[in-house]
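What the coordinates show
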Amino acid sequence: MTSTTRSPYLMRAGLVRNVRSGEHLTTFVVSGVATVLITRLILQLSGYPQIGGKGLHIAHVLPGGLLMLVSIVLLLAYVGPVVRPAAALVGGIGFGLFIDEVGKFVTSD
């Protein structure tokens, strides 16, 4: 089967691949990595402030999870090429914030 023919089974199952998925995945990964780097830079320049104190840590995992939720809702609620780049960007930023916070918890122990 060549790249221009479609599998009838996959078409019936609704498993049609987006031809621009590579661009969207690249946007997701680049925005995630950039978010981690920018977050680390901002924290280093600000002296790693501890907001909350007394054992309470206000983590950036919460806005990261919220941004990932927003991107999932966008992808589930809308069909078409307009929302996918925005959802990839928002999801990548959310994932970057989430992963940065996970890295903090892993390295702090």
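Okay, so let's go over this structure. (Residues numbered from 1 in each chain as written. Predicted model: local features only at pLDDT ≥ 70, side-chain atom pairs only at ≥ 80, totals over all residues. Heavy atoms only, no water.)

**Observations concerning the overall build of the protein**
- The secondary structure content of the protein amounts to four helices and two strands.
- Moving toward the C terminus, one meets the helices and strands of the protein in the order α-α-β-β-α-α.
- Residues counted as buried form 20% of the 109 residues belonging to the protein.
- In the protein, 70% of the contacts between residues at least 6 apart in sequence involve partners at least 24 apart.
- For the protein, the computed accessible surface area is about 8000 Å², with 72% contributed by carbon and sulfur atoms. (Helix = DSSP H or I, 4+ residues; strand = E, 2+ residues; numbered from the N terminus. Buried < 20%, exposed > 50% of the residue type's maximum accessible area, 1.4 Å probe, protein only. Contact = heavy atoms within 4.5 Å. Areas by Shrake-Rupley, 256 points an atom, 1.4 Å probe, with all protein chains shown as cover.)

**A word on a nonpolar patch on the surface**
- A surface patch of nonpolar side chains, about 340 Å² in accessible area, is lined by Leu66, Leu69, Val70 and Val73.
- Its location among the elements puts leucine 69 in helix 3 (residues 61–77). (Patch = residues over 30% accessible without salt bridge, like charges linked within 9 Å, V, L, I, M, F, W, Y side chains within 5 Å. Salt bridge = Lys/Arg side-chain N within 4 Å of Asp/Glu carboxyl O.)

**Regarding the pattern of salt bridges**
- Under the definition given, this model contains two salt bridges.
- Residues glutamate 23 and arginine 20 are paired through a salt bridge, measuring 2.8 Å at the closest nitrogen-oxygen approach.
- Across the pair arginine 40 and aspartate 100 runs a salt bridge whose closest N-O atoms are separated by 2.8 Å. Here the residue arginine 40 occupies a position in helix 2 (residues 21–45), and aspartate 100 occupies one in helix 4 (residues 83–108), the gap between them amounting to 60 residues.
- Given the relative accessible area of 6%, aspartate 100 is considered buried.

**A few points about the environment of arginine 20**
- Along the chain, arginine 20 falls in the loop between helix 1 (8–13) and helix 2.
- On the basis of relative accessibility, which here comes to 37%, the residue arginine 20 falls in the partly exposed class.
- In this structure, the C-alpha to C-alpha distance between arginine 20 and proline 81, residues 61 residues apart in sequence, is 8.8 Å.
- Within the local environment of arginine 20, its side chain forms a polar contact with the side chain of glutamate 23, the two groups lying 2.8 Å apart. (Polar contact = N/O pair within 3.5 Å; in protein donor to acceptor, adjacent residues only side chain to side chain.)

**A few points about the side chain of serine 71**
- Its place among the elements puts serine 71 in helix 3.
- In contact with serine 71, not counting residues within four places along its chain, are Ala87, Val90 and Gly91.

**Comments concerning the side chain of threonine 39**
- Structurally, threonine 39 can be placed in helix 2.
- If we ignore the near neighbours within four places in the chain, the residues touching threonine 39 are His60, Leu97 and Asp100.

**So, the environment of isoleucine 99**
- With respect to the helices and strands, isoleucine 99 occurs in helix 4.
- The sequence separation of isoleucine 99 and glycine 64 amounts to 35 residues, and the corresponding C-alpha distance is 8.6 Å.

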